[in-house]
Amino acid sequence: QVQLVESGGGLVQAGGSLRLSCAASGRTVKYYAMGWFRQAPGLEREFVAAISWSGNPKFNTDSVKGRFTISRDNAKNTVYLQMNSLKPEDTAVYYCAAARSQFSSASSEPSDFGSWGPGTQVTVSS
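Note that the coordinates shown come from a computational prediction; the quantities given were computed from them, not determined experimentally. (Residues numbered from 1 in each chain as written. Predicted model: local features only at pLDDT ≥ 70, side-chain atom pairs only at ≥ 80, totals over all residues. Heavy atoms only, no water.)

**Side note on the sheet that holds strand 1 (residues 3–7)**
Taken in spatial order, the four strands of this open sheet run 1-3-8-7, and their pairing is antiparallel. In this open sheet, the two strands that pair with only one neighbour each are strand 1 and strand 7 (68–73). Averaged over all pairs of adjacent strands, the angle between their axes in this sheet comes to 15 degrees, without regard to strand direction. Of the pairings in the sheet, the one linking strand 7 to strand 8 (residues 78–83) comprises six bridges and is antiparallel in character. Counterpart to Ile-70 in the pairing with strand 8 is Leu-81. (Pairing = 2+ DSSP bridges. Helix = DSSP H or I, 4+ residues; strand = E, 2+ residues; numbered from the N terminus. Axes fitted to C-alpha atoms, helices over the stretch in contact; angles between N-to-C directions.)

Here is the structure:
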């Protein structure tokens, strides 16, 4: 059993940056792919980025377009989402997730993830 808690959200101006953190506890996630998803009011949950157990990233290029970076620090049992050049359409609750299987690849499919954090709010003003 793993618990995930996101932090680092807040209110920023368009063009600004935020770094979200996802701290895992209960067990190590070093052998599991990790993902970031987001959900805006009235919309379905959207894939943002993921990173394989070995550190290979995957991005939603339609929405992110090179602005975001995902990374992990296994010594801290933590994954990060660096968000630059933020736009008002990035406003959403951002969720961190851990994959169901060990040695997993980066996936954009929510069903591949078995543990989810409670989310952190990101608001980008224009």
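Having seen it, we continue.
**A look at the state of the cysteines**
Following the criterion strictly, the structure yields one disulfide and no others. Between the sulfur atoms of Cys-22 and its disulfide partner Cys-96 the distance amounts to 2.0 Å. On the S-S bond that ties Cys-22 to Cys-96, the torsion sits near -80 degrees, and the link is left-handed. Within this pair, whereas Cys-22 is found in strand 3 (residues 18–25), its partner Cys-96 is found in strand 9 (residues 92–102), the two being separated by 74 residues in sequence. Judged by its relative accessible area of 0%, Cys-96 is buried. (Disulfide = S-S within 2.5 Å. Buried < 20%, exposed > 50% of the residue type's maximum accessible area, 1.4 Å probe, protein only.)

Nothing here speaks to function; it is geometry throughout.
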